[in-house]
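Next come the chains, spelled out residue by residue.
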Amino acid sequence: MSECCEDVVDAGEPEHSRPTLTAFIVCLGCVVVLLDISIVNVALRPIATGLGGRLSDLQWIVDAYTVAFASFLLSAGTAGDRFGNKRVFATGFLVFTIASVVCGAAGNLPSLIGARVLQGIGAALIIPCSLTLLNHAYDNPGERAKAFGWWAGSGGASVAAGPVIGGLLIHSFGWRSIFYVNIPIGLAALFLTYRYIRRERPRLGQRIDWAGQIVSLFALASLTTVLIEGTNWGWLSTGIIVLSIAFIGLSLLFFAIEKRQSQPMLPMELFRSTQFSVSTLLGLLLSFSFYGLIFTLSLYFQQARHFTPLETGLAFLPVTGLLTVMNVFAGRLGAARGMRFPILTGFVVGAIGLFWLAFATGSATTYWGLLLPLLCVGAGVPLILPPLTTVVLASVDRSQVGLASATLNTGRQIGAAAGVAVLGSLLTGAPTLVAGFQWGMIISSIIYLAGTVLTLRFVPNDPHLRIEADRSDAEII
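Definitions and limits used
Residues numbered from 1 in each chain as written. Predicted model: local features only at pLDDT ≥ 70, side-chain atom pairs only at ≥ 80, totals over all residues. Heavy atoms only, no water. Helix = DSSP H or I, 4+ residues; strand = E, 2+ residues; numbered from the N terminus. Rg over C-alpha atoms; globule rule 2.2 N^0.38 Å. Buried < 20%, exposed > 50% of the residue type's maximum accessible area, 1.4 Å probe, protein only. Contact = heavy atoms within 4.5 Å. Expected span 1.5 Å × (residues − 1). 1 Å grid on protein atoms, 1.4 Å probe; cavity = no way out; pocket = protein on both sides within 12 Å on 5 of 7 lines; lining within 4 Å. Points joined across faces, edges and corners; volume = space filled by probe spheres on them. Nonpolar A, V, L, I, M, F, W, Y, C, P; charged D, E, K, R; others polar. Core = buried A, V, L, I, M, F, W, Y, C linked by side-chain atoms within 4.5 Å. Salt bridge = Lys/Arg side-chain N within 4 Å of Asp/Glu carboxyl O. pLDDT = per-residue confidence, 0-100. Axes fitted to C-alpha atoms, helices over the stretch in contact; angles between N-to-C directions. Parallel < 35°, antiparallel > 145°, perpendicular 65-115°, else oblique. Patch = residues over 30% accessible without salt bridge, like charges linked within 9 Å, V, L, I, M, F, W, Y side chains within 5 Å. Areas by Shrake-Rupley, 256 points an atom, 1.4 Å probe, with all protein chains shown as cover. Left-handed = near helix turned anticlockwise from the far one by under 90°. Polar contact = N/O pair within 3.5 Å; in protein donor to acceptor, adjacent residues only side chain to side chain.

Student: Can you help me understand the overall build of the protein in this one?
Tutor: Assigned secondary structure in the protein consists of 21 helices and zero strands. Here the C-alpha radius of gyration of the protein, 21 Å, is about what a compact globule of 477 residues would show, namely 23 Å. With respect to the principal axes defined by its C-alpha atoms, the protein has extents near 65 × 50 × 45 Å. In the protein, which comprises 477 residues, the share counted as buried stands at 57%. Taking as baseline every contact in the protein between residues at least 6 positions apart, the subset at least 24 positions apart corresponds to 84%.

Put into structure tokens, the structure is as follows:
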């Protein structure tokens, strides 16, 4: 370790506890970021009751966070290298905590949506830097690999627990409490980060690709606005046509910028690998249907079934409760059968569950009639991501593993934003909310079937792929 790292470590802190403390602190970051993705869905109806607004406004509450998160994720890793990961990680927590205060105190929807954008930026600063800090904290590769398992497990548990925690908080203290709960976590994380995390020397040669960052942000914002507001404004309205043209133009400009940058935020040569390109696309398709389901299912439970937020959170358990368990099972299944098998199984089982939901949500169906299709989705989705991540990491040089992982996560966040926008718009455009939900599930099942075809055609099943990817995961991430 460099001298600058030793200078910030408390002399009274035992040497052996520093990595464990670092792991705990960065897991707090993963918890608040992923908790906020799932917890807000059960609060949509109470927020609408308290602040008013249309269904599209509720979509913006979710997507404002996701779009900002996706847009800044790639640049945040470079910022961590350039200014120091400890500093950027702490800045992310500070931004996230302040934004949570503003969210909780919001008196109208525009201020809430604006604060959600700031939360997304804070989240983007936290996640890549947390992984780098965790990597630097452990000298032993085996211990480092275990720490990454804790990090991933804490994130999965947060997504799973989010709806139930949100339901309990709203039931007891109102919808604003789901944002205020981030404050004590954020303050504790800031103190612990300043006190105990080692500071590494910044890499001054790194440059942030500001041109690519700004263009990509406006491109993704244009696309999201088209998908959310198309039904309200009219698909052939001037605003939608202008934004569609802007999205196409900005996308082309982004690719042109990235090809000419000496240090691009997204190197185009990554996509020369068919395996990488298809796997990233599969991650996008996975999140499109899953997060679109979480958003629309919450509205279905609360508006069509008239569930309370607490009942809604408990109703999500068949989907979210299986995430952590099946994530572990997916890794073991991939180790035994190769990576293609769990990905393929996950897409097939998920497609069955989504298609089944489309026909199980009639007015006469009880919640217990939804249980089996919900269990199919909950069992299928987590089978996909762990082996898919392995395939992505194995498709690039070891020096690009971190960038490949960030690109996969960015693609997943873009898919999540698009899923909320598209499936949410179906609720608005259909004659009834139930009909819109059913069409959304049919489309989602078709998307998962497309994922099945792509997996069969392009995802390798070579056991050697698993060995190399596992080594990269343990040594570099």
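From this point, the discussion proceeds with the structure in view.
Student: Which parts of the structure should I look at to understand helix α11 (residues 238–260)?
Tutor: Because each turn of an α-helix spans 3.6 residues, side chains separated by three or four positions end up pointing in the same direction. Compared with the 33 Å implied by 1.5 Å per residue over 23 residues, the 33 Å span of α11 between its first and last C-alpha is a close match. Taken as a whole, α11 has its buried residues at Ile 240, Ser 251, Phe 254, Ile 257 and Glu 258. Contact partners of the buried residues in α11: α10 (210–233).

Student: Got a minute to help me understand empty space enclosed by the protein in this structure?
Tutor: The gaps of empty space that remain are located by a probe, the size of a water molecule, rolled over the atoms. All told, the structure shown has two cavities of 30 Å³ or more when counted by the stated rule. Ile 37, Asn 41, Val 62, Thr 66, Tyr 291, Ile 294, Ala 416 and Val 420 are the residues that line the largest cavity. Of the residues that constitute the lining of the largest cavity, the class distribution is six nonpolar, two polar and no charged. Approximately 30 Å³ is the volume found for the second largest cavity. Lining the second largest cavity we find Ser 38, Val 159, Pro 163, Phe 290, Tyr 291, Ile 294 and Thr 320. Residue assignment for the lining of the second largest cavity shows that the elements contributing at least two residues are α7 (141–173) and α12 (274–304). With three residues, the single largest contributor to the lining of the second largest cavity is α12. Of the residues contributing to the lining of the second largest cavity, the split by class is five nonpolar, two polar and no charged.

Student: Sorry, what's going on with helix α2 (residues 18–39) here?
Tutor: Its 22 residues give α2 an end-to-end C-alpha distance of 31 Å, which sits within 8% of 32 Å, the value for a rise of 1.5 Å per residue. Taken across its 22 residues, α2 has 19 buried, putting it largely inside the fold.

Student: Which parts of the structure should I look at to understand the nonpolar core?
Tutor: When a protein is soluble and globular, its nonpolar side chains tend to lie buried together. Counting residues in hydrophobic clusters, the biggest one holds 115 residues, and the most contacted among them are Val 33, Phe 69, Phe 89, Leu 112, Phe 301 and Tyr 448. Not counting residues within four places of it along the chain, the set of residues in contact with Val 33 comprises Tyr 65, Phe 69, Ala 123, Ile 126 and Ile 127.

Student: Hey, could you run me through the side chain of Asn 85 in this one?
Tutor: Counting through the fold element by element, Asn 85 comes out in helix α5 (residues 85–105). Look at Asn 85 and you get buried, because its relative accessible area is 1%. Discounting residues that sit within four places of it in the chain, Asn 85 has contacts with Gly 80, Cys 129, Thr 132, Leu 133 and Glu 200.

Student: Just checking my understanding: could you explain the pattern of salt bridges for this structure?
Tutor: Two side chains of opposite charge can pair, provided their charged atoms sit close to one another. Applying the stated rule across the entire model yields three salt bridges. The salt bridge partner of Asp 36 is Arg 116, with a shortest N-O separation of 2.8 Å. Within this pair, whereas Asp 36 is found in helix α2, its partner Arg 116 is found in helix α6 (residues 109–137), the two being separated by 80 residues in sequence. In this pair, the class of Asp 36 matches that of Arg 116, namely buried.

Student: I keep staring at the confidence of the model for the protein and nothing clicks. Help me out?
Tutor: It should be kept in mind that the predicted coordinates are not to be read in detail where pLDDT is low. In this model, the protein carries an average pLDDT of 86, and 91% of its residues clear a pLDDT of 70 or more. A low-confidence stretch, residues 1–17 stays under pLDDT 50, and its non-local contacts, those more than four residues away or across chains, total 22 contacts. Of the regions scoring below 50 in pLDDT, residues 466–477 engages in 26 contacts with residues more than four places distant in sequence or in other chains.

Student: Just checking my understanding: could you explain the packing of helix α3 (residues 44–51) against α12 for this structure?
Tutor: Packed helices, taken two at a time, are described by the angle their axes make and the gap between the axes. As a packed pair, α3 and α12 sit with axes 9 Å apart at the nearest point and diverge in direction by 65 degrees. In terms of axis orientation, α3 runs roughly perpendicular to α12. Side by side, α3 and α12 meet where Leu 44, Arg 45 and Pro 46 of the first sit next to Phe 295, Leu 299, Gln 302 and Gln 303 of the second. Among the residues making up the contact of α3 with α12, the classes are represented as four nonpolar, two polar and one charged.

Student: Quick question: what am I supposed to make of a nonpolar patch on the surface here?
Tutor: On the surface, Leu 94, Ile 98, Val 101, Val 102 and Tyr 180 cluster together into a nonpolar patch covering about 400 Å² of accessible area. It is α5 that contributes the most residues to the nonpolar patch, four residues altogether. One can find Tyr 180 in helix α8 (residues 177–180). Given a relative accessible area of 35%, Tyr 180 falls into the partly exposed group.

Student: Before we go on, may I ask you to explain the packing of helix α4 (residues 55–83) against α10 in this structure?
Tutor: Relative orientation of the contacting elements α4 and α10 amounts to 160 degrees, with a least axis distance of 10 Å. In terms of their interaxial angle, α4 and α10 are classed as roughly antiparallel. Crossing handedness for the pair α4 and α10: right-handed. Together, Ser 56, Gln 59, Trp 60, Asp 63, Val 67, Ala 70, Ser 71, Phe 72 and Ser 75 of α4 and Gln 213, Ser 216, Leu 217, Leu 220, Ala 221, Thr 224, Thr 225, Ile 228, Glu 229 and Asn 232 of α10 make up the contact between the two elements. Of the residues that constitute the contact of α4 with α10, the class distribution is eight nonpolar, nine polar and two charged.

Student: Please clarify how the side chain of Arg 116 should be interpreted in this entry.
Tutor: A residue is classified by how much of its surface remains accessible, and Arg 116, at 1% relative accessible area, is buried. Within the local environment of Arg 116, its side chain forms a polar contact with the backbone oxygen of Ile 61, the two atoms lying 2.8 Å apart. Residues in contact with Arg 116, not counting those within four places in the same chain, are Asp 36, Val 40, Ile 61, Val 62, Ala 64, Tyr 65, Cys 103 and Phe 179.

Student: What is the right way to read the environment of Gly 321 from this model?
Tutor: Assignment of secondary structure puts Gly 321 in the loop between α14 (317–320) and α15 (322–337). Residues Gly 321 and Leu 375 lie 54 residues apart in sequence; the distance between their C-alpha atoms is 9.3 Å.

Student: Would you explain unusual backbone geometry in this entry?
Tutor: Residues apart from glycine generally show negative phi values, whereas peptide bonds are mostly found in trans. Notably, His 306 is not glycine yet its phi reads approximately 60 degrees, a positive angle. Position of His 306 relative to the elements: it lies in the loop between α12 and α13 (309–315). Since its relative accessible area comes to 55%, His 306 is described here as exposed.

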